[in-house]
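# Commentary on secondary and tertiary structure
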Amino acid sequence: MINRFVIFTFLLLFLIIACPLFAQQSSNMRMLANINNHRTDGEYSACWGYTAPDGKEYGILGCAKGTAFINITDTNNIYEADYLPGLNLPSCCREMKVFSHYAYVVADGIPSGLQIIDLQYLPDSVHLVNTFYYGDFTMGHTISIEGPYLYINAGDYNIGGVFVLDLSNDPVHPVKRGEWEDYVVHDSRIVNDTIFACNIYNPPGRISVIDARDKDNLTTIAYWENIPNPGPHNIAISENRRFAFVTDEIGGNPRLLKIWDISNLNNVVKVAEWHPPGITTSIIHNVELFGRYLFAAHYTAGLRVVDVSNPLDPKEAAFYDTFPDNNGFTFEGCWGPYIFNSEKIIASDRSTGLYVFRTDFPLKLKNPAIADNFSLGQNFPNPFNPLTTIKYSLKFDSYVTLKIYDASGKLVKTLIDGNSQAGNRQITFNGNDLASGVYFYNFIAVYRDGVTKKFNESAKMVLIK
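Below: a short report on this structure. Bear in mind the structure is a predicted one, so any value in this text is a computation, not a measurement.

The helix and strand tally for the chain stands at 1 helix and 36 strands. Taking the principal axes of its C-alpha atoms as reference, the chain extends roughly 100 × 50 × 50 Å. Here the chain holds 465 residues, and the buried ones make up 56% of them. Relative to all contacts within the chain whose residues are 6 or more apart in sequence, the contacts with residues 24 or more apart total 51%. In the form shown here, the chain has an accessible surface area of approximately 19800 Å², with 53% of it arising from carbon and sulfur atoms. The average position of the 37 basic charges and that of the 47 acidic charges among the side chains of the chain differ by 5 Å.

Quick look at the structure:
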């Protein structure tokens, strides 16, 4: 008869060895689809999203040799609508952002310029309408956006800082504006004309805060070190602009999410650190905020959803491990997320392409202060020089355009052209590069309330210099 102690010991050893094989792959999150059509060309990289004026939703996936456009509108029929090749060389990183109905794509490691892709013909096709080069710029590592301005990071232009492209007059033919070349900028986030730049290499671990109100003259206003073991790659900023969520892609072990109170830029204070419960080896990469939730691509640990409603005490709310093989200390697995206003979530995985998810809980909380209707406010101050604020309200999630015209009716600036969540919002307009005079701003919101509807309103403002 076999000794019970021997049996118990055998079972215990089996469980210890087998546990990684039976590790939980998801919690509070379900996968709707996985599209993996281009793995033979090399590894995937970034993803982003586009919601067309008709409400159809598309995931955009960076592939080794091009960019895939995936229709995720119908969760029962998610498919690749089109694919646009880049140069016939694999890129380690292909990243994109969207303004109006154009996607802007950079690729690192190859001289590919900035591809400008017209999305208005989806779901049938996409069209390459321009490949933009400027001076020494032929490639970029990452790309950021706020309003009608693109920010190219860590390219081959000068030392690889950040420079600005103006899309407001002609999205197909960007105009080069200012640049900041103090240090290499691995990635950046722009909030209210302020650049939060991640200097991952030199000086090691610094977040530089740059005033970008004057697009021709970018000026450092503050910085802090992302200690300990700093190696900041990506950053997200809370809606109230009080907290910064910074990811360390290089540096120590574990590679942490660090949360900073930035309410006083002269005294930035770290208030919390986070990594997935029980996992210290996976490397954090890109993050996106959506309401109270931070979506963190954590390479081998997959996509993690963190409740940061109390930034001092972040708690994991959901996850889906796109790389279930292990939680190793490698740059494999989940690269980045994007969240649609419909609460669909996409994420890219280095090996297996694009995933489409939903959480088992709503991402948006009902807000009693939500806008009761659509409205456009009078800019303030008015007259102004050169800054003024325009407020507007959206009763429903909408496709919004806000454009500035001179007295003759000529379009001079496009401030907004894209999707916006319901709520009371505002934007600052800088008329520094315009002449004194009377201007008009036109606000259009296209939304669905059973059927597609449009809110359209204009107002006058006066610039005095």
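On to the packing of aromatic side chains. Note on aromatic pairs: each is described by the distance of the centres and the angle between the planes. Scanning the entire structure with this criterion turns up 20 aromatic pairs. Ring geometry for tyrosine 134 versus tyrosine 157: centroids 5.9 Å apart, planes at 50 degrees, classification tilted. Of this pair, tyrosine 134 sits in the loop between β10 (127–132) and β11 (142–146) while tyrosine 157 sits in the loop between β12 (149–153) and β13 (162–166), placing them 23 residues apart in sequence. In this structure tyrosine 134 comes out as partly exposed when scored by relative accessible area, which is 34%. Here the aromatic rings of tyrosine 338 and phenylalanine 340 are separated by 4.9 Å at their centres, their planes lie at 80 degrees, and the arrangement is edge-to-face. Neither tyrosine 338 nor phenylalanine 340 differs from the other in exposure class; each is buried. Members of the aromatic cluster, joined through ring pairs, are Phe374, Tyr392, Phe396, Phe443, Tyr447 and Phe455. In this structure, lysine 97 packs its charged tip against the face of tryptophan 48, placed 4.3 Å from the ring centre.

As a further point, take the layout of surface pockets. Computed from the structure, the second largest pocket encloses a volume of approximately 340 Å³. Along the wall of the second largest pocket there are 17 residues; nearest its centre are Thr51, Gly55, Asp397, Ser398 and Asn419. The set of elements that each furnish at least two residues to the lining of the second largest pocket consists of β32 (398–406) and β35 (437–449). Residue classes in the lining of the second largest pocket are distributed as 6 nonpolar, 7 polar and 4 charged.

Attention shifts here to the side chain of glutamate 181. Of note, glutamate 181 is situated in the loop between β14 (175–180) and β15 (187–191). In terms of polar contacts, glutamate 181 uses its side chain to reach the backbone amide nitrogen of glycine 160, at 3.5 Å. A distance of 2.9 Å separates a polar atom in the side chain of glutamate 181 from the backbone nitrogen of glycine 161. For glutamate 181, the contacting residues outside a window of four places in its chain are Tyr157, Asn158, Ile159, Gly160, Gly161 and Val162.

This paragraph deals with the pairing of strand β8 (residues 102–108). For β8, the tally of buried residues reaches 7 of 7 residues, placing the bulk of the element in the interior. Judged by which residues are buried, β8 turns out to be covered on both faces: Tyr102, Tyr104, Val106 and Asp108 on one side and Ala103, Val105 and Ala107 on the other are all buried. Bridging between strand β7 (residues 93–99) and β8 involves 7 bridges; their strand directions are antiparallel. Counted as the bridge partner of valine 98 is alanine 103 from β8. As consecutive antiparallel partners, β7 and β8 are separated by 2 residues, and within that stretch serine 100 has a phi angle of approximately 55 degrees, a positive value. The pairing of β8 with strand β9 (residues 114–118) spans 4 bridges and is antiparallel. Within the sheet, the bridge partner assigned to tyrosine 102 lies in β9 and is aspartate 118.

The next thing to look at is the side chain of serine 208. Take serine 208: it is sitting in strand β17 (residues 206–211). Only 2.6 Å separates the side chain of serine 208 from the side chain of asparagine 199, close enough to count as a polar contact.

Let us look at the nonpolar core. In this structure, Tyr50, Ile60, Phe69, Ile117, Leu119 and Ile346 are the most contacted members of the largest nonpolar core, which totals 36 residues. Contacts of phenylalanine 69, omitting those with residues within four sequence positions, involve Gly59, Ile60, Tyr79, Glu80, Ala81, Asp82, Leu84, Ala103, Ile117, Leu119 and Val126.

What follows covers the sheet that holds β10. Spatially, the 4 strands line up as an open sheet ordered β7-β8-β9-β10, and their pairing is antiparallel. Only two strands of the sheet have a single partner each, and these edge strands are β7 and β10. Across the sheet, the mean angle separating the axes of adjacent strands is 25 degrees when strand polarity is ignored. As judged from the 5 bridges shared by β9 and β10, these two strands associate in the antiparallel manner.

Attention now moves to the pattern of salt bridges. Inspection of every chain in the model, using the stated rule, returns 23 salt bridges. Arginine 189 is paired through a salt bridge with glutamate 288; the nearest N and O atoms lie 3.1 Å apart. Of this pair, arginine 189 sits in strand β15 while glutamate 288 sits in strand β23 (residues 287–290), placing them 99 residues apart in sequence. Three or more residues joined by partner-sharing salt bridges are found here, namely Asp166, Arg177, Asp216, Lys413 and Asp433.

Bringing the sheet that holds β15 into the picture now. The sheet built from 4 strands is open, its strands ordered β15-β16-β17-β18 with antiparallel pairing. Because the sheet does not close on itself, it has two edges, and the strands there are β15 and β18 (219–225). The average angle at which neighbouring strand axes cross in this sheet is 20 degrees, direction not considered. Alignment of β17 against β18, held across 6 bridges, turns out to be antiparallel. Opposite arginine 206, over in β18, you have glutamate 225 as the bridge partner.

Before going further, it helps to spend a moment on unusual backbone geometry. In this structure, the amide linkage connecting asparagine 253 to the following residue, proline 254, adopts the cis form with an omega of 10 degrees. Note on placement: proline 254 falls in the loop between β20 (243–248) and β21 (257–261). The omega torsion of the bond from phenylalanine 380 to proline 381 falls at -5 degrees, within 30 degrees of zero and hence cis. Tracing the backbone through its elements, the reader meets proline 381 in the loop between β30 (375–376) and β31 (387–394). Its identity is not glycine, yet arginine 241 carries a phi of approximately 60 degrees, on the positive side. With respect to the helices, strands and loops of the structure, arginine 241 is situated in the loop between β19 (232–237) and β20. By relative accessible area, arginine 241 is classed as partly exposed at 27%. With phi around 40 degrees, tyrosine 299 is a residue other than glycine that occupies positive phi space. Among the secondary structure elements, tyrosine 299 is positioned in the loop between β24 (293–297) and β25 (303–307).

Parameters and conventions
The numbering scheme is per chain: residues are counted from 1 as the chain's sequence reads. Given that the model is predicted, a residue must reach a pLDDT of at least 70 before its local features are reported, and side-chain atom pairs must reach 80 or more before they are shown or counted; all residues, however, enter totals for whole chains, interfaces and linings. Just so you know, side-chain values use all the structure's heavy atoms and leave hydrogens and water out. Helix and strand definitions follow DSSP, with helices as H or I runs of at least four residues and strands as E runs of at least two, each counted in order from the N terminus. The classification of residues rests on relative accessible area computed with a 1.4 Å probe and restricted to protein chains. Under 20% of the type maximum is buried, over 50% is exposed, and intermediate values are partly exposed. Here, residues are in contact when the closest pair of their heavy atoms is within 4.5 Å. Surface exposure here means Shrake-Rupley accessible area, sampled with a 1.4 Å probe, where a residue is shielded only by the protein chains that are shown. Neither His nor the chain termini are counted; the positive set is Lys and Arg, and the negative set is Asp and Glu. The atoms used to mark charge sites are NZ of Lys, CZ of Arg, CG of Asp and CD of Glu. What counts as a ring pair is set by centres within 6.5 Å for rings of Phe, Tyr and Trp (its six-membered ring), and what kind of pair is set by the plane angle: stacked under 30 degrees, edge-to-face over 60, tilted for all other angles. Charge-over-ring contacts are defined here by two conditions on Lys NZ or Arg CZ: a distance within 6 Å of the ring centre and an angle within 35 degrees of the ring normal. Both cavities and pockets are sets of points on a 1 Å grid over the protein atoms alone; in a cavity a 1.4 Å probe fits but cannot get out, in a pocket the set is open with protein on both sides within 12 Å along at least five of seven lines, and lining residues sit with an atom within 4 Å of a point. Grid points are joined across faces, edges and corners, and a volume is the space filled by probe spheres set on the points. When residue character is reported, Ala, Val, Leu, Ile, Met, Phe, Trp, Tyr, Cys and Pro are called nonpolar, Asp, Glu, Lys and Arg charged, and the others, Gly included, polar. Definition of a polar contact: a pair of N or O atoms within 3.5 Å, with one able to donate and the other able to accept a hydrogen when the atoms are protein atoms, and with sequence-neighbouring residues admitted only if both atoms are side-chain atoms. Strands were regarded as paired on the criterion that DSSP finds at least two bridges between them. What makes a nonpolar core is a set of buried Ala, Val, Leu, Ile, Met, Phe, Trp, Tyr and Cys residues whose side-chain atoms join them at distances within 4.5 Å. Where helices are involved, their axes are fitted lines through C-alpha atoms of the stretch in contact, as for all axes, and angles between N-to-C directions lie from 0 to 180°. Each salt bridge in this description consists of a side-chain nitrogen of Lys or Arg and a carboxyl oxygen of Asp or Glu lying within 4 Å of one another.

All quantities given are derived from atomic positions and should not be read as evidence of function.
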